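A structural walkthrough
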Amino acid sequence: MNKILFVDEKPAMSKIAMDKLTAFSYVVLPDGVDEQVILDEISDAKYLVTGACHITAKHIKAAPKLKCILIPGAGTDHVDVQYANQHGIYVVNAPGANAVAVAEHAIALMLAIGRSIPQTYVKVRAGEWVDDGIRACVEGAELTGNILGLIGLGNIGTRVAKYSQGFNMQVLCYTRRPSTEREKEAGVKLVPLNELMQKADFVVVCAALTPETKGLIGKEEIALMKGEAYLINVARAQIVDYDALYEALRKKRIAGAGIDVLEKEPPGPKHPFFDLDNVVVTPHLGSRTKGAIDRVSLMIADEILRVEAGEEPIHWVR
């Protein structure tokens, strides 16, 4: 029987999608599994599904039966796409399938950090209330009428722009592929990165991780932000210099940050961000909604069946 290897503890696959794959056997590996276990399991796998686990040339060399690597999302930075293609192995992603979920999560983080929702909930759980000083130490930020600085204008960025306009936000955008048509369609104003960092009240990072975007938001860019501004990252940790961000947050140089992605996941209990009261960190939950899981998993299942039938996958990354 043909084997599908999932290198995620809880693969984003709905029952209806898995029901389509009844002709296949599958193995699910837990997050953080030993490298040798992955190499052993991949040795007879025909299909590999990876949400975050890095798949390198070493893994591909150890998988003589492998036909296709499937990614339940748009980002492909954790897979050696070039090596796979050179060796006749498809790399397939699911572009746009989780855009609604991630865009909504970006808005949720803006609201959560702007209104100190997690922090004040902890105080309420501890028995405090308005009369104990919560109101005195919280001065929330509204979205309405403020300026959103959007970094990236793909499927996710375009949706964040549309949703933010419901709050009557002015949207500035920096993208590596500027065009008048995209600017008009998304209802944004395209600007240079430095101008965006200087003017935005909320900076939302939702660009793909590429060699050009790695380290894009560094110490100099963060230093341009207004003192009352917030930074939200729902893309990849490597796009933002988190050491520089930590220092800006620790010194209250900027108002706060909402983070859904970290350099190491899971980070353990001692990440520096956890010592700060002006940060909200979520465990890479941007795409974890029922709707997104249903869409992504059906795309993955259909692509497996397509390749198995001898056809080229629709979302072949090359």
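Residues numbered from 1 in each chain as written. Predicted model: local features only at pLDDT ≥ 70, side-chain atom pairs only at ≥ 80, totals over all residues. Heavy atoms only, no water.

**A closer look at the side chain of Asp 201**
Rules: Runs of H or I in DSSP of at least four residues are treated as helices and runs of E of at least two as strands, each being numbered from the N terminus. As used in this structure description, the phrase polar contact means that two N or O atoms lie within 3.5 Å; if the pair is within protein, one of them must be able to donate a hydrogen and the other to accept it, and residues adjacent in sequence are counted only when both atoms belong to side chains. By definition, residues are in contact when any of their heavy atoms lie within 4.5 Å.
With respect to the helices, strands and loops of the structure, Asp 201 is situated in the loop between α10 (193–199) and β9 (202–205). Here Lys 226 takes part through its side chain, which lies 2.8 Å from a polar atom of the side chain of Asp 201. Dropping the residues within four chain positions of it, Asp 201 is found in contact with Asn 146, Ile 147, Lys 226, Glu 228, Ala 229 and Tyr 230.

**Let's talk about the sheet that holds strand β6 (residues 147–151)**
Stated precisely, the cut-off is as follows: Here, a strand pair is defined by DSSP locating no fewer than two bridges between the strands.
A sheet is described by the order of its strands in space; here 7 strands give the open sequence β8-β7-β6-β9-β10-β11-β12, paired in parallel fashion. Pairing within the sheet leaves two strands with one partner each, and these edge strands are β8 (189–190) and β12 (279–281). Two strands pair when backbone bridges link them, and strand β11 (residues 256–259) and β12 are joined in this way by 3 bridges, in the parallel orientation. Counterpart to Gly 258 in the pairing with β12 is Val 280.

**Regarding unusual backbone geometry**
Cis geometry is found at the peptide bond from Glu 265 to Pro 266, where omega equals -5 degrees. The topology assignment puts Pro 266 in the loop between β11 and β12. We note that Ser 116 has phi near 55 degrees; this positive angle belongs to a residue other than glycine. Inspection of the secondary structure puts Ser 116 in the loop between α5 (99–114) and α6 (117–125). A positive phi angle, close to 60 degrees, is found at Asn 168, a residue other than glycine. If you trace the backbone, Asn 168 turns up in the loop between α8 (155–165) and β7 (170–174).

**Some thoughts on the sheet that holds strand β5 (residues 90–92)**
Test applied: The angle between two axes is taken between their N-to-C directions and runs from 0 to 180 degrees, where each axis is a line fitted to C-alpha atoms and a helix contributes only its stretch in contact.
Sheet architecture is open: 5 strands sit in the order β2-β1-β3-β4-β5, paired in parallel fashion. Looking along the sheet, the strands with just one partner apiece sit at the ends: β2 (24–28) and β5. Strand-to-strand, the axes of this sheet are offset by a mean angle of 20 degrees, without reference to chain direction. In this sheet, strand β4 (residues 68–70) lies alongside strand β3 (residues 47–49) in parallel orientation, the contact comprising 3 bridges. Across the sheet, residue Val 49 finds its bridge partner in β4, namely Leu 70. With respect to the sheet, helix α2 (residues 35–42) is in contact with β1 (2–6), β2 and β3, its orientation differing from that of β1 by roughly 160 degrees.

**Remarks on the layout of surface pockets**
Note the cut-off: Whether a set of points on the 1 Å grid over the protein atoms alone is a cavity depends on a 1.4 Å probe fitting there but being unable to get out, while an open set qualifies as a pocket with protein on both sides within 12 Å along at least five of seven lines; lining residues are those with an atom within 4 Å of a point. Grid points are joined across faces, edges and corners, and a volume is the space filled by probe spheres set on the points. Classification used: nonpolar for Ala, Val, Leu, Ile, Met, Phe, Trp, Tyr, Cys and Pro, charged for Asp, Glu, Lys and Arg, polar for all others including Gly.
Approximately 470 Å³ is the volume attributed to the second largest pocket. The wall of the second largest pocket is formed by 19 residues, among which Ser 116, Cys 137, Glu 139, Tyr 230 and Ala 255 lie closest to the centre. When contributions to the lining of the second largest pocket are tallied by element, the ones reaching two or more residues are α5 and α6. Considering each element in turn, the lining of the second largest pocket owes the most residues, 3 residues, to α6. Split by residue class, the lining of the second largest pocket holds 6 nonpolar, 7 polar and 6 charged.

**Focus: the side chain of Asn 233**
Basically, it comes down to this: For the exposure calls, accessible area comes from a 1.4 Å probe over protein chains only, and a residue counts as buried if that area is under 20% of its type's maximum, exposed if over 50%, partly exposed in between.
Turning to its location among the elements, Asn 233 is positioned in strand β10 (residues 230–233). Take Asn 233: its relative accessible area is 0%, and that puts it in the buried class. A distance of 3.1 Å separates a polar side-chain atom of Asn 233 from the backbone oxygen of Arg 236. In contact with Asn 233, other than residues within four places in its own chain, are Val 205, Val 240, Tyr 242, Gly 258, Ile 259, Asp 260 and Val 261.

**Some details on the pattern of salt bridges**
One side chain can pair with another of opposite charge once the charged atoms of both are near each other. What counts here: For this document, the term salt bridge refers to a Lys or Arg side-chain nitrogen within 4 Å of an Asp or Glu carboxyl oxygen.
Within the structure shown, the criterion is met by 13 salt bridges. Notably, a salt bridge pairs Asp 19 with Lys 15, separated by 2.9 Å at the nearest N-O pair. Taken together, the residues Asp 19 and Lys 15, both in helix α1 (residues 15–19) and 4 residues apart, mark about one turn of the helix. Relative accessible area serves as the criterion here: at 63%, Lys 15 is assigned to the exposed category. Glu 303 serves as the salt-bridge partner of Arg 306, at 2.5 Å between the closest nitrogen and oxygen. Taken together, the residues span about one helical turn, with Arg 306 and Glu 303 both in helix α13 (residues 290–308) at a distance of 3 residues.

**Observations concerning the pairing of β9**
Two faces, one strand: in a regular strand the side chains alternate between the faces of the sheet. Side-chain alternation along β9 places Phe 202 and Val 204 on one buried face and Val 203 and Val 205 on a second face that is also buried. The pairing of β6 with β9 spans 4 bridges and is parallel. The partner of Ile 151 across the bridge, within β9, is Val 205. Sheet topology places β9 next to β10; 4 bridges connect them, and they run parallel.

**Quick look at the packing of aromatic side chains**
Test applied: Pairing of aromatic rings covers Phe, Tyr and the six-membered ring of Trp, with a centre-to-centre limit of 6.5 Å; geometry is then stacked below 30 degrees between planes, edge-to-face above 60, and tilted otherwise.
Taken as a whole and judged by the stated rule, the model has 5 aromatic pairs. Where Phe 6 meets Tyr 26, the ring centres are 5.9 Å apart and the plane angle is 90 degrees; that geometry is what we call edge-to-face. A residue pair is termed long-range when its members are at least 10 positions apart, and Phe 6 in strand β1 and Tyr 26 in strand β2 qualify at 20 residues. Taking the centre distance of 5.3 Å and the plane angle of 65 degrees together, the rings of Tyr 242 and Phe 273 count as edge-to-face. Taken together, the positions of Tyr 242 in helix α12 (residues 242–250) and Phe 273 in the loop between β11 and β12 put the pair 31 residues apart, joining distant regions of the chain.

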